[in-house]
Amino acid sequence: MYKTITILYFVVFVTYIFFTRQPDYLDGEITSASIHLIKDSTGKQSTPKAFFSVGKDYFAIDANYYLRNVNEGKQVEVIYENAHPEKAVVYSWWGYWITLGELIGSVILFIVLFQVAVAVTKNPTAESLQEQLNYNPEKKRKYND
């Protein structure tokens, strides 16, 4: 039972990830970008920005994400849709395909729903247990007349 539920969880999670990415993986364009550290308005903190061009237009997107380090001058790939290149994101496993919020939320949902399933099936009533023990499947013919 545990293996089946875990496999089902992974299949649903991977399917969810594949079809909900924005910009869309199937319709998006992938191009290279370079990272530059830009100081904020106070001048104290530097944030990494990915700079790329589409035709004659230049765009800068935020390249900062939890547990992902990017250094000045690093070449990265960005994915964007032709209609909205300003909504591009850095194309990487951590941050595009797998996000922290979705990962934590899905694991919590998996644990909660698994505990509900175990609680519902753990202690059957005496009547249902007796019914399950007395069950005899009726014999069916291979072909109907």
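Residues numbered from 1 in each chain as written. Predicted model: local features only at pLDDT ≥ 70, side-chain atom pairs only at ≥ 80, totals over all residues. Heavy atoms only, no water.

## Concerning unusual backbone geometry
Thought 1: Residue Pro23 is bonded to the preceding Gln22 through a cis peptide linkage, with omega at -5°.
Thought 2: Even without being a glycine, Leu67 presents a positive backbone phi close to 60°.
Thought 3: The topology assignment puts Leu67 in the loop between strand S3 (57–62) and strand S4 (75–81).
Thought 4: Under the relative-accessibility criterion, Leu67 is labelled exposed at 76%. (Helix = DSSP H or I, 4+ residues; strand = E, 2+ residues; numbered from the N terminus. Buried < 20%, exposed > 50% of the residue type's maximum accessible area, 1.4 Å probe, protein only.)

## Some details on the layout of surface pockets
Thought 1: The space that makes up the largest pocket amounts to roughly 290 Å³.
Thought 2: Taken together, Ile5, Leu8, Tyr9, Val12, Phe13, Tyr16, Ser106, Leu109, Phe110, Leu113 and Phe114 form the lining of the largest pocket.
Thought 3: For the lining of the largest pocket, the elements supplying multiple residues, two or more each, are helix H1 (2–20) and helix H2 (100–122).
Thought 4: Of the residues forming the lining of the largest pocket, the biggest block, six residues, is contributed by H1. (1 Å grid on protein atoms, 1.4 Å probe; cavity = no way out; pocket = protein on both sides within 12 Å on 5 of 7 lines; lining within 4 Å. Points joined across faces, edges and corners; volume = space filled by probe spheres on them.)

## With respect to the pattern of salt bridges
Thought 1: Overall, the coordinates contain one salt bridge when judged by the stated rule.
Thought 2: A salt bridge links Arg21 to Glu102; its shortest N-O distance comes to 2.8 Å. Of this pair, Arg21 sits in the loop between H1 and strand S1 (29–39) while Glu102 sits in helix H2, and the two are 81 residues apart along the sequence.
Thought 3: Here Arg21 falls in the buried class, since its relative accessible area comes to 5%.
Thought 4: Its relative accessible area of 22% is what places Glu102 among the partly exposed residues. (Salt bridge = Lys/Arg side-chain N within 4 Å of Asp/Glu carboxyl O.)

## Structural notes on H1
Thought 1: The terminal C-alpha atoms of H1 lie 27 Å apart, and with 19 residues this matches the ideal 27 Å at 1.5 Å per residue to within 8%.
Thought 2: Packed against the buried residues of H1 are H2. (Expected span 1.5 Å × (residues − 1). Contact = heavy atoms within 4.5 Å.)

## Let's talk about the packing of aromatic side chains
Thought 1: All chains considered together, the criterion is met by 17 aromatic pairs.
Thought 2: Consider the rings of Tyr9 and Phe13, whose centres lie 5.9 Å apart with planes at 10°: the pair is stacked. A residue pair is termed a helical-turn pair when its members lie 3 or 4 positions apart in one helix, as Tyr9 and Phe13 do in helix H1 at four residues.
Thought 3: Geometrically, the ring pair formed by Tyr91 and Tyr96 is tilted, given 5.4 Å between the ring centres and 55° between the ring planes.
Thought 4: An aromatic cluster of at least three residues, connected via ring pairs, comprises Phe18, Phe19, Tyr25, Tyr91, Trp93, Tyr96 and Trp97. (Phe/Tyr/Trp six-rings, centres within 6.5 Å; stacked < 30°, edge-to-face > 60°.)

## Thoughts on the confidence of the model for the protein chain
Thought 1: Of the residues in the protein chain, 99% reach a pLDDT of 70 or more, and the chain-wide mean stands at 90.
Thought 2: Mean pLDDT per element in the protein chain: helix H3 (residues 126–133) is the minimum at 88, and S4 is the maximum at 95. (pLDDT = per-residue confidence, 0-100.)

## Some points on the side chain of Asp24
Thought 1: Looking at the secondary structure, you find Asp24 in the loop between H1 and S1.
Thought 2: Among buried charged residues, Asp24 stands out as having no salt bridge; its nearest opposite-charge side chain is Arg21, 8.2 Å away.
Thought 3: With residues near it in sequence (within four places) discarded, Asp24 still touches Ile79, Glu81 and Tyr96. (Lys, Arg positive; Asp, Glu negative; His and termini not counted.)

## What about the pairing of S1?
Thought 1: In terms of strand pairing, S1 meets S4 through six bridges, oriented antiparallel. Bridging across to S4, Ala33 finds its partner in Val76.
Thought 2: Across six bridges, the pairing between S1 and strand S2 (residues 46–54) is antiparallel. The residue of S2 that forms the bridge with Ile35 is Ala50. (Pairing = 2+ DSSP bridges.)

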